Amino acid sequence: MADGAMTATFLAVIGGASLLAVTARRLHPSEKLPSLEGWALADRSLGPVWTWLLLGGTIFTAYTFAAIPGLAYGNGAPAFFAVPYTVIVCPLAFVLLSRLGTVARRHGYVTAADFVRGRYGSPPLALVVALTGILATMPYLALQLLGIRAVLTAGGVYPRGAAGDLVMVALFAGLAVATYRHGLRAPTVISALKAVAVFVSLTAVTWLVLDRLGGPGAVFDGAAERIGGPALLLTPEQQPAYATLALGSALALLMYPHVLTAGFAADGPRTLRKVSVALPAWTGLLALFGFLGIAALATGVRAPAGGAEAAVPMLVDRLMPAPLAGLVFGAITVGALVPAAVMSIAAATSFVRNVYVEYVHPTATPKRQVRIAKAVSLTAKVGAVAFVFGLRDQDAINLQLLGGVWILQIFPAVAVGLFTGRLHPRALLAGWGVGMVAGTCMVVREGFSSTVSLGSGPEIYAGLAALLLNLTVAVAGTAVLERLGVPRGADLTDLPSRLSVRRRPETGANNP
């Protein structure tokens, strides 16, 4: 059972998040008529601080904060691929996110599929980009719930049986109401509490662990004595998988709809570049969480079989005073609410813009689009809750693993399309299809392992291998279609058509 002081602190953090969500309307209140841009992107009005809070809070999810230390606890050094992965994201975001945000602002695009539709003039290509994003996002949304449940169960805060399920429903009910009413503004204001709670609690936990165990050297020495199987250093055989997993994950992350939604809400490209430079502060948090997984080994924490993600919550429960432990559990719970809200908004926006308006109701008014998006966002949250209650945890983890492979297959259409329009939309469609099938087959064949061995060579990330096939088909297909004289759609983005682009002068942060 949870200590009373721990529960009180936990409830105080959750209550603070709820109160902040109520004040979301005051964040850049809009006098404009209802629009999808206003609801889903906060009228593109977020400055550097709010964008940094929202983007960091969206990228670094509660499941990440539970899974990375759990992986370090169970597998040792390979878990730290997440550190270089999130470092690689920063220069990619500096270039790709700021450029895509500029184009989106100039043309009124709300989703990545909007950009693809304008760049290639191909509704089918835009549709598969939108559906891939939705498909990859839904299991990621469900994992936020799993992260909450794993952490709170380990800390004794989550009741067993139906009572625990009601707690989960209550947490997401408040989030659903706030998101329904205020759109992206709700997770934006909650992200401020998430940042404060996570930075403060993690600093306290790390200091306490180092004080109790005698410094970093003692932590790693103690873990090395207990780990038995996995090593705390990468072997030469593990290095290719480690490197390709870090690179592929970084490329995939910037294609997720929730990350692009948070980026599109910025007030200009200069803001996005500033935020990209400051994102490594969140990476430092992730490295500390991984270190706590090693510390859990050193202190002799025994996580349940198949539940390594509970190692750090068990460590916190063992070493920390009850009020501080409640702060940690509350911070991780709030850490799930921010990305969950943004994910549901991003999935709903993609559905409305690129499915509903494109194929069902082309004349839908902005007010109707917002109404449909709110309903779809609410449905996505309900679906995530039902998914968690109805299926095994491993099912959600497997689908999220596949989701990372799938979302990487839209990289040629979106990211490469920012710099060249030479690839033919039909060739991109063919490449996407090959990448989706090949990536799925490789992951399933290996028993849902993210790395695969190609012949007698080293193991590499399955998503990156599928992406290479995807690009090969797209480039070869473009050459064939150009030779056959197959026409392509009109490009409405005014972007250069070749990779050797000239930088356009910026006229200001708000009017690029």
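Residue positions are counted from 1 within each chain, in the order its sequence is given. It should be noted that, the model being predicted, local features are given only for residues of pLDDT at least 70 and side-chain atom pairs only at 80 or more, the latter also being counted only at that level, while totals for whole chains, interfaces and linings use all residues. Side-chain numbers here rest on the full set of heavy atoms in the structure, without hydrogens or water.

- Labelled according to an unreviewed UniProt entry, the chain appears under the name Sodium:solute symporter, originating from Streptomyces sp. R28.
- UniProt positions are given in the numbering used here, feature names are shortened, and annotations may be inferred rather than shown by experiment. What UniProt states about the chain under its Sequence similarities (unreviewed entry) heading is, verbatim, "Belongs to the sodium:solute symporter (SSF) (TC 2.A.21) family."
- What UniProt states about the chain under its Subcellular location (unreviewed entry) heading is, verbatim, "Membrane".

A word on the overall build of the chain
Here's step 1: Secondary structure is summarised from DSSP: a helix means a run of H or I of at least four residues, a strand means a run of E of at least two, and numbering begins at the N terminus for each. Each helix and strand in the chain was counted, giving 21 helices and 2 strands.
Here's step 2: For every residue, the accessible area obtained with a 1.4 Å probe (protein chains only) is divided by the maximum for its type, and the residue is called buried under 20%, exposed over 50%, and partly exposed between those limits. The 512 residues of the chain split such that 56% are buried.
Here's step 3: Note on definitions: a residue-residue contact is assigned when non-hydrogen atoms from the two residues lie within 4.5 Å. Contacts spanning at least 24 positions in sequence make up 85% of the contacts within the chain whose residues lie at least 6 apart.
Here's step 4: Note on areas: Shrake-Rupley with a 1.4 Å probe; residue coverage comes only from the protein chains shown. Within the structure as shown, the chain displays about 20,200 Å² of accessible surface, and the carbon and sulfur contribution to it stands at 65%.

A short note on the pattern of salt bridges
Here's step 1: Salt-bridge detection follows one rule: a side-chain nitrogen of Lys or Arg within 4 Å of a carboxyl oxygen of Asp or Glu. What the rule picks out here adds up to 8 salt bridges.
Here's step 2: Two residues, Glu482 and Arg422, come together in a salt bridge whose shortest N-O distance is 4.0 Å. Taken together, the residues Glu482 in helix 21 (residues 462-484) and Arg422 in the loop between helix 19 (411-414) and helix 20 (425-445) connect sequence positions 60 residues apart.
Here's step 3: By relative accessible area, Glu482 is classed as partly exposed at 38%.

Side note on the packing of helix 5 (residues 82-107) against helix 11 (residues 239-253)
Here's step 1: For the pair helix 5 and helix 11, the least separation of the axes is 8 Å and the interaxial angle reads 45°. It follows that helix 5 is oblique to helix 11 by the angle criterion. In the packing of helix 5 onto helix 11, the handedness of the crossing is right-handed. For the pair formed by helix 5 and helix 11, the contact residues are Pro84, Tyr85, Ile88, Val89 and Leu92 on the first element and Tyr242, Ala246, Leu247, Ser249, Ala250, Leu251 and Leu253 on the second.
Here's step 2: Of the residues assigned to the contact of helix 5 with helix 11, the class counts are 11 nonpolar, 1 polar and no charged. Note on geometry: axes are C-alpha line fits, over the in-contact stretch for helices, and angles between N-to-C directions span 0 to 180 degrees. In what follows, roughly perpendicular refers to angles from 65 to 115 degrees, roughly parallel to angles under 35, roughly antiparallel to angles over 145, and oblique to any angle outside these ranges. It is the rotation of the near helix from the far one that decides the hand of a crossing: anticlockwise by less than a right angle makes it left-handed, clockwise makes it right-handed. Classes in brief: Ala, Val, Leu, Ile, Met, Phe, Trp, Tyr, Cys and Pro nonpolar; Asp, Glu, Lys and Arg charged; the others, Gly included, polar.

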